[in-house]
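Commentary on secondary and tertiary structure
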Amino acid sequence: MFRRTLMAGAVALAGLIGPAQAQAPTEIQFWHGLSQPLGGLLERLVSDFNGSQTQYRIVPTFRGSYPETMVAAIAAFRAGQAPHLVQMFEVGTGTMINAGRAIIPTHELLTQTSVNINFDDFLPGVRGYYAAADGRQMAMPFNSSTAIVYYNKDAFRRANLNPDQFPTTWEGVGQALAALKASGHACPMSTAWPTWLHLEQFSAIHNIPLATQGNGFGGANAELRVNNPLVLRHLTNLVNWQKDGMFRWGGRDNAGEALFPNGECAIMMTSSGFRARVQREARFDWGVAMLPTYEGTQPANAIIGGASLWVMNRGPNAQRSAAELRGIAEFFAFTARPDVAGKWHMDTGYLPITRSGFESARASGFYTQPANIGAEVPIEQMLRGASSENTRGIRLGGFVEIRVIMQEEMEKALQGQQTPEQALTAMTTRGNAVLRNFERANRGG
């Protein structure tokens, strides 16, 4: 009797403890840099993954802007408190690839966990940006964007401009700006991400190098090439347009974006991922278009922006458990599913980074719906023209710092503190100093 009672009690205790232990999923900390509404859409995607299984729980945390998230992740690693996953913007790729034991390359993660992801399904321009020189995947592509034009069709109508045809050349843009100003629009054009738009993307679609060594993909001994006649011509135009009241400096990074959905500026050049905010906030008829080029140019493909997902070790002497690694790999595989990738693209305006995701969106009728007209423009821009080493992307060490330098010098020119020529000379000199410092710090590593 005593034995039966004891066994019954043990069974009952196991019934209380066992389910509780089984229901405790492995937590995976995920730091990201997406503010609202994109941050909310990211959290919804994570919630969908968490709800699809019971073994793992991704915990997303907004850590500020992309640069702030990068700084926080590096500091956390040094303190032995790094998150499992960090969303890193594309200009941080060169730094992360050289981060040594701080990161676990995606190809190693998938090998260790035996999780399969078909990277041949990814758009080449997306996959290649986050791959090593030998093609092995270093980071998981996620929210890839490109830069496009948003324009106020109502403002175009008031200026007697064709609301259904944005100028394809910068010469045409200059004429449109003059017409918008003459019609009474106080801010014909502004831009966000000024160096990404007017140096990086500008160089790619005009098929000229931003730097030697294939924009850094060929080695750490790259040197900047922004001080060239075409970039000088363009920066000079921006400076003159600002003097004439046809262009407004909106600030660094994405500070200028708010000037478009509130109706203040008629034209905004920024990320395709801005679409979700425009749809939510704009109270006017608007359209999107590809970035213009100067006459005589055969447009090449644009390059990506946005960010990828990097796996981090906790600290210099702290590795990840097998369960943690498996959970991360399963999450990566989830984001690559056609239905998930397609929905992320449709909800946010980011590129459908896989062919199957694009087909999923197209099969749903997304592109034929009136509210989504033009949603395919970023994809077409990524696929137009011939690809070259100038259009693959940018793999420069210390590029986060270099981008800050470029913004500083561009800002000084637009504020009349120096000439465009002086700005480009300063960008080159200061930027090359950063490249040499990075090269010395990572020599042999």
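In this report, we go over the structure that sits alongside the text. (Residues numbered from 1 in each chain as written. Predicted model: local features only at pLDDT ≥ 70, side-chain atom pairs only at ≥ 80, totals over all residues. Heavy atoms only, no water.)

1. Thoughts on the packing of aromatic side chains
A full pass over the atoms with the stated rule returns 21 aromatic pairs. The rings of Tyr150, Phe260, Phe274, Phe284 and Trp286 are connected pair by pair, giving a single aromatic cluster. (Phe/Tyr/Trp six-rings, centres within 6.5 Å; stacked < 30°, edge-to-face > 60°.)

2. Here we look at the environment of alanine 371
Following the sequence through the fold, alanine 371 ends up in the loop between helix H15 (355-363) and helix H16 (377-383). In this structure, the C-alpha to C-alpha distance between alanine 371 and aspartate 164, residues 207 residues apart in sequence, is 15 Å. Discounting chain neighbours no more than four positions away, the residues touching alanine 371 are Arg275 and Gln279. (Helix = DSSP H or I, 4+ residues; strand = E, 2+ residues; numbered from the N terminus. Contact = heavy atoms within 4.5 Å.)

3. Describing the nonpolar core
Counting residues in hydrophobic clusters, the biggest one holds 139 residues, and the most contacted among them are Ile117, Met189, Ile267, Phe331, Phe332 and Leu396. Dropping the residues within four chain positions of it, phenylalanine 332 is found in contact with Leu85, Thr106, Leu109, Ile117, Met140, Leu309 and Val311. (Core = buried A, V, L, I, M, F, W, Y, C linked by side-chain atoms within 4.5 Å. Buried < 20%, exposed > 50% of the residue type's maximum accessible area, 1.4 Å probe, protein only.)

4. Concerning the sheet that holds strand E6 (residues 147-152)
With mixed pairing, the 4 strands of this open sheet are ordered in space as E7-E8-E6-E9. Since the sheet does not close on itself, it has two edges, and those belong to strand E7 (187-191) and strand E9 (286-289), each with one partner. Pairs of neighbouring strands in the sheet enclose a mean axial angle of 20 degrees, with direction left out of account. Note: E6 against E9, 4 bridges, orientation antiparallel. Along E9, the bridge assignment pairs valine 149 with alanine 289. (Pairing = 2+ DSSP bridges. Axes fitted to C-alpha atoms, helices over the stretch in contact; angles between N-to-C directions.)

5. A look at the pairing of strand E8 (residues 265-271)
Most of E8 is tucked away, with 7 of its 7 residues classed as buried. Where E6 lies against E8, 5 bridges are found, and the strand directions are antiparallel. Within the sheet, the bridge partner assigned to tyrosine 151 lies in E8 and is isoleucine 267. Inspection of the sheet shows E7 paired to E8 by 4 bridges, in the parallel sense. Paired with serine 190 across the two strands is methionine 268, which belongs to E8.

6. A closer look at the environment of phenylalanine 274
Inspection of the secondary structure puts phenylalanine 274 in the loop between E8 and helix H12 (275-281). Sequence separation of phenylalanine 274 and valine 173 is 101 residues, and the distance between their C-alpha atoms is 21 Å.

7. A closer look at the state of the cysteines
Applying the stated criterion to the full structure yields 1 disulfide. Note on cysteine connectivity: cysteine 187 is disulfide-linked to cysteine 265, with sulfurs 1.9 Å apart. Of note, the bridge from cysteine 187 to cysteine 265 carries an S-S torsion of about 85 degrees and is right-handed in sense. Of this pair, cysteine 187 sits in strand E7 while cysteine 265 sits in strand E8; the two residues are 78 residues apart in sequence, bridging distant segments of the chain. The pair formed by cysteine 187 and cysteine 265 is uniform in burial state, with each residue classed as buried. (Disulfide = S-S within 2.5 Å.)

8. Re the pattern of salt bridges
This structure, assessed with the given rule, holds 23 salt bridges. Between aspartate 164 and lysine 153 there is a salt bridge whose closest N-O contact spans 3.3 Å. On the criterion of sequence distance, the pair formed by aspartate 164 in the loop between helix H7 (153-158) and helix H8 (170-182) and lysine 153 in helix H7 is long-range, its members being 11 residues apart. The salt bridge involving glutamate 408 is made with arginine 430; its shortest N-O contact spans 2.9 Å. A residue pair is termed long-range when its members are at least 10 positions apart, and glutamate 408 in helix H17 (residues 399-414) and arginine 430 in helix H18 (residues 420-441) qualify at 22 residues. Overall, glutamate 408 belongs to the partly exposed group, its relative accessible area being 22%. (Salt bridge = Lys/Arg side-chain N within 4 Å of Asp/Glu carboxyl O.)

9. What to know about the environment of aspartate 120
Topologically, aspartate 120 is positioned in the loop between helix H5 (106-113) and helix H6 (124-127). A residue is classified by how much of its surface remains accessible, and aspartate 120, at 59% relative accessible area, is exposed. Expressed as a C-alpha distance, the spacing of aspartate 120 and threonine 354, which sit 234 residues apart in the sequence, is 8.7 Å. When sequence neighbours within four positions are dropped, the list of residues in contact with aspartate 120 reads Arg127 and Arg355. Side chain to side chain, aspartate 120 and arginine 127 meet in a polar contact 3.2 Å long. (Polar contact = N/O pair within 3.5 Å; in protein donor to acceptor, adjacent residues only side chain to side chain.)

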